[in-house]
Amino acid sequence: MTAARYDVAIVGAGVVGAAIARALAHYRLDVVMLEAADDVGAGTSKANTAILHTGFDTKPGSLESRLVRRGYALLSAYGPIAGIPIERIGALVIAWDAEQLARLSEIAANARAAGYTAARPIALAELTRFEPDLGAGALGALAIPDEGIVCPFTTPLAFATEAVMNGTTLALGAAVEARAPGSVATHVLQTTRGAIHADHVVNAAGLASDEIDRLFGHEGFTITPRRGELIVYDKLARPLVNHVLLPVPTARTKGVLVSPTVFGNVVLGPTAEDVDDKRATGSTPAGLARLVAQGRRLVPALVAEEVTAIYVGLRAATEHRDYQIRFHPAERYVCVGGIRSTGLTASMAIAEYVVEGLQDAGLRLEARLDHRPVYMPNLSERTERPYHSADAIARDPAYGEIVCHCERVTRGEIRDALSGVIPAPTLDGLRRRTRALLGRCQGFYCGPTVAALLAEARGCSLADVLGIGVGSGAQDEM
Ligand SMILES: Cc1cc2nc3c(=O)[nH]c(=O)nc-3n(C[C@H](O)[C@H](O)[C@H](O)COP(=O)(O)OP(=O)(O)OC[C@H]3O[C@@H](n4cnc5c(N)ncnc54)[C@H](O)[C@@H]3O)c2cc1C
């Protein structure tokens, strides 16, 4: 690969890096997003609880608190414009003993200090009316009416698609391995796809943000992955839960919750366990047993429902309690590290904050007058999808041909995902763009057809698609 020069290089195309790329795409700049994986949003950003947090439980005065509040407002406004499913279903922080009941007023006071004023205590009678399937023994709750759920897959894809549509170079399979001593004016990053030169570098490498930070000579924090295991229950469980059901949080974790998803399922989790391996995304019998025990107490009927899937995400926890966003203007380098358990919500505010910092470091921001907006295919269970749109089917019969029956995904949607601005490079990429293979059969029935469509689009064999993965058709030349 020939070396190229950019105004800004962003390391990492998770929800945070993609949000930063999107924000920079409003200006006349040459930006490259360097992503080690073969797709956007394939790290921690694809494996979270997908709550759109109001920030009621954040530490007042912290950077995280400020950016979660601002990110909530920005993403709530952007979601409907960009086709990101969001449902403001509200949350209930439930007290199960006298000590927890006493703590609800502290949590309400914390919420007010953090800038969220709509929290209100509710008595047991109202709680049971809201949640008739709640387990016995609850004493009361604090209602957080604005807490929401959001699509974790569409969000980073929308950001990255909008960025690419407006000139950002997306370099997939480009892991940054080293930083070469460059000239005074530019950084030289060695990637697995060759070297690039950039005036400014933004480190949004998630679990590897500490390692990238060290390449720049900084030692400010160390990531200790905090594993979170989650269980997804089938759509038949959805009527059992109306709100996000939260426990009273501890200093270390928000605890195990039960929440509907925008796909119409119910999720139970996550656990919180520090591990020493940044690839430890396997589930554990002990973790799942703990979840089932807690789920049985929260909503007893839930654990009798069919399990659709189990997944695991790793939070980028550090020895610090706050985000590790550090500007080094003289070095034209920004570290966006330690974005632990609220980064999906805060992503757009983090991007706004980083762009301001880049400007302070000398980046010239000249608005792009021909900026193009994005509108993503709908993955929500609540609003019309192609299979039940007579208009869509009349326009294009491929939207009437269902391939994945569990999630009702059509051949037309799969075709679109394979030929979009950032085409799905793998079966996992197709899952996150269409919901195909995500249903209760987990691809048992539709898997061969979906794999054949992917193989045909990529011009490779079925074995390649089903095996180790395929080279991405989405890569731009750097
Ligand atoms: C169990 C769990 C539950 C959560 N629940 C919520 C929630 O309900 N609401 C919420 O708002 N947030 C939640 N979060 C937090 C949220 O998921 C994260 O804060 C967010 O996804 C972090 O995004 P990121 O872009 O920083 O990291 P990532 O998504 O991990 O992206 C970093 C990217 O950098 C790439 N990369 C790494 N090293 C290199 C390199 N050397 N070169 C190039 N690329 C590299 C990686 O491949 C990766 O794609 C949760 C997290 C977990 C784990």
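Residues numbered from 1 in each chain as written. Predicted model: local features only at pLDDT ≥ 70, side-chain atom pairs only at ≥ 80, totals over all residues. Heavy atoms only, no water.

Considerations on the packing of helix 1 (residues 15–24) against helix 5 (residues 154–165)
Where helix 1 contacts helix 5, the axes come no closer than 8 Å and their chain directions differ by 30°. When the axes of helix 1 and helix 5 are compared, the pair comes out roughly parallel. Seen from above, helix 1 lies across helix 5 with left-handed handedness. Residues Val15, Ala18, Ala19, Ala21 and Arg22 of helix 1 form the contact with helix 5, whose own contacting residues are Thr155, Pro156, Phe159, Ala160, Glu162 and Ala163. (Axes fitted to C-alpha atoms, helices over the stretch in contact; angles between N-to-C directions. Helix = DSSP H or I, 4+ residues; strand = E, 2+ residues; numbered from the N terminus. Parallel < 35°, antiparallel > 145°, perpendicular 65-115°, else oblique. Left-handed = near helix turned anticlockwise from the far one by under 90°. Contact = heavy atoms within 4.5 Å.)

Digging into the state of the cysteines
For the structure on display, the rule yields zero disulfides. As a non-bridged cysteine, Cys151 has Cys404 as the owner of its nearest cysteine sulfur, 15 Å distant. Residue Cys151 is classed as buried on the basis of its relative accessible area, which comes to 0%. Distance from the sulfur of Cys441, which forms no disulfide, to the nearest cysteine sulfur (Cys406) is 3.9 Å. We classify Cys441 as buried; its relative accessible area is 18%. (Disulfide = S-S within 2.5 Å. Buried < 20%, exposed > 50% of the residue type's maximum accessible area, 1.4 Å probe, protein only.)

Section: the packing of aromatic side chains
Throughout the structure, instances matching the rule amount to five aromatic pairs. Relative to Tyr333, the ring of Phe216 lies with its centre 4.0 Å away and its plane at 5°, an arrangement referred to as stacked. Residue Phe216 is found in the loop between helix 6 (209–215) and strand 13 (224–233), and its partner Tyr333 is found in strand 20 (residues 333–337); the two are separated by 117 residues along the sequence. Comparing Phe216 with Tyr333, the two get one shared label, buried. Ring geometry for Phe327 versus Tyr353: centroids 5.1 Å apart, planes at 75°, classification edge-to-face. With a gap of 26 residues between them, Phe327 in strand 19 (residues 324–328) and Tyr353 in helix 8 (residues 343–360) connect regions that are remote in the sequence. Positioned above the aromatic ring of Tyr399 is the side chain of Arg415, whose terminal nitrogen or guanidinium carbon lies 5.5 Å from the ring centre. (Phe/Tyr/Trp six-rings, centres within 6.5 Å; stacked < 30°, edge-to-face > 60°. Lys NZ or Arg CZ within 6 Å of the ring centre and 35° of its normal.)

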